Each structure stands twice: as C-alpha cells, then as structure tokens.
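Results of the structural survey
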Amino acid sequence: KKYKFNLEAKSKVFELTVGQKQKLEIIKVLWKEKDLIVFDEPTAALSLQEIDEFMRIIKSFKKEGKTVIFISHKFTHNSIYNKIYKWNIGFNIFI
C-alpha cells in the first residue's frame, strides 16, 4: 500500500505473470526500507504502466534521501537520475 505498486496479496506465486513476479520481487526489496538499494534490470518484465509506477517509487526514494543504483540495458526515464554511467560492453548504471 505504501508504494501503491498494485499486486493482489492473496495470489499464489505460480499463478502470477512474469511481470507480476517481478513486481513481487521489487516489493520484497522495498519492504526492507534500506537507504541503499541496488536494482538489476528491475523493469525488464514490466509493462509501460508498471515501469511508470516503479519510476514514481524511485522518485519518492530520492525525496527521502535514499540511494538507488539501477542497472539496465535501456535508457529510460533519464531525468530522474543524478548520474548515469554507460559502459560500451552492454549495460548502463543509473544512480
């Protein structure tokens, strides 16, 4: 509820879609409420709407002063990151 990342709590994991399983893994990380979070390809299996929801959560982390390291092959939502490191060997790190 805190992050408004909608997922039915009574669902069985084996019944979830790949995107829903990805959301579940993200929620498990968010639940721990750490000041530093590392995400490796967190949006790979999410729909565009779910990616927007996730990026809203990342923005709220920034406002709370938390650090997020976001590893991805895609350049999306670049405006929310403070720093972007790009490697020519196939991946990018957004901080």
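The text that follows walks through the structure, step by step, so that each part is easy to find. (Residues numbered from 1 in each chain as written. Predicted model: local features only at pLDDT ≥ 70, side-chain atom pairs only at ≥ 80, totals over all residues. Heavy atoms only, no water.)

What to know about the packing of aromatic side chains
The condition is simple: Stacked, edge-to-face and tilted are the three classes for Phe, Tyr and Trp ring pairs, Trp counted by its six-membered ring, which pair at centre distances within 6.5 Å; planes under 30 degrees apart are stacked, over 60 edge-to-face, the rest tilted. Secondary structure elements are taken from DSSP: a helix is a run of H or I of four residues or more, a strand is a run of E of two residues or more, and numbering for both begins at the N terminus. Exposure categories follow from relative accessible area, calculated using a 1.4 Å probe and restricted to protein chains: below 20% of the type maximum is buried, above 50% is exposed, and the middle band is partly exposed.
The final tally for this structure, using the stated rule, is 2 aromatic pairs. Measuring from centroid to centroid gives 5.1 Å for phenylalanine 39 and phenylalanine 54, while their planes differ by 85°, and the two rings are edge-to-face. Taken as a pair, phenylalanine 39 in strand β1 (residues 36-40) and phenylalanine 54 in helix α2 (residues 48-63) lie far apart in primary sequence, 15 residues in all. A single burial state applies to phenylalanine 39 and to phenylalanine 54, both of which are buried. Each ring, one from phenylalanine 54 and one from phenylalanine 70, has its centre 6.0 Å from the other, and the planes form 40°; the classification is tilted. Taken as a pair, phenylalanine 54 in helix α2 and phenylalanine 70 in strand β2 (residues 67-72) lie far apart in primary sequence, 16 residues in all.

Quick look at the pattern of salt bridges
Stated formally: Only one rule defines a salt bridge in this text: a Lys or Arg side-chain nitrogen within 4 Å of an Asp or Glu carboxyl oxygen.
Scanning the entire structure with this criterion turns up 1 salt bridge. For lysine 66, the salt bridge is made with glutamate 64, and the minimal N-O distance between the two is 3.4 Å. Here lysine 66 falls in the buried class, since its relative accessible area comes to 14%. A relative accessible area of 42% means that glutamate 64 is categorised as partly exposed.

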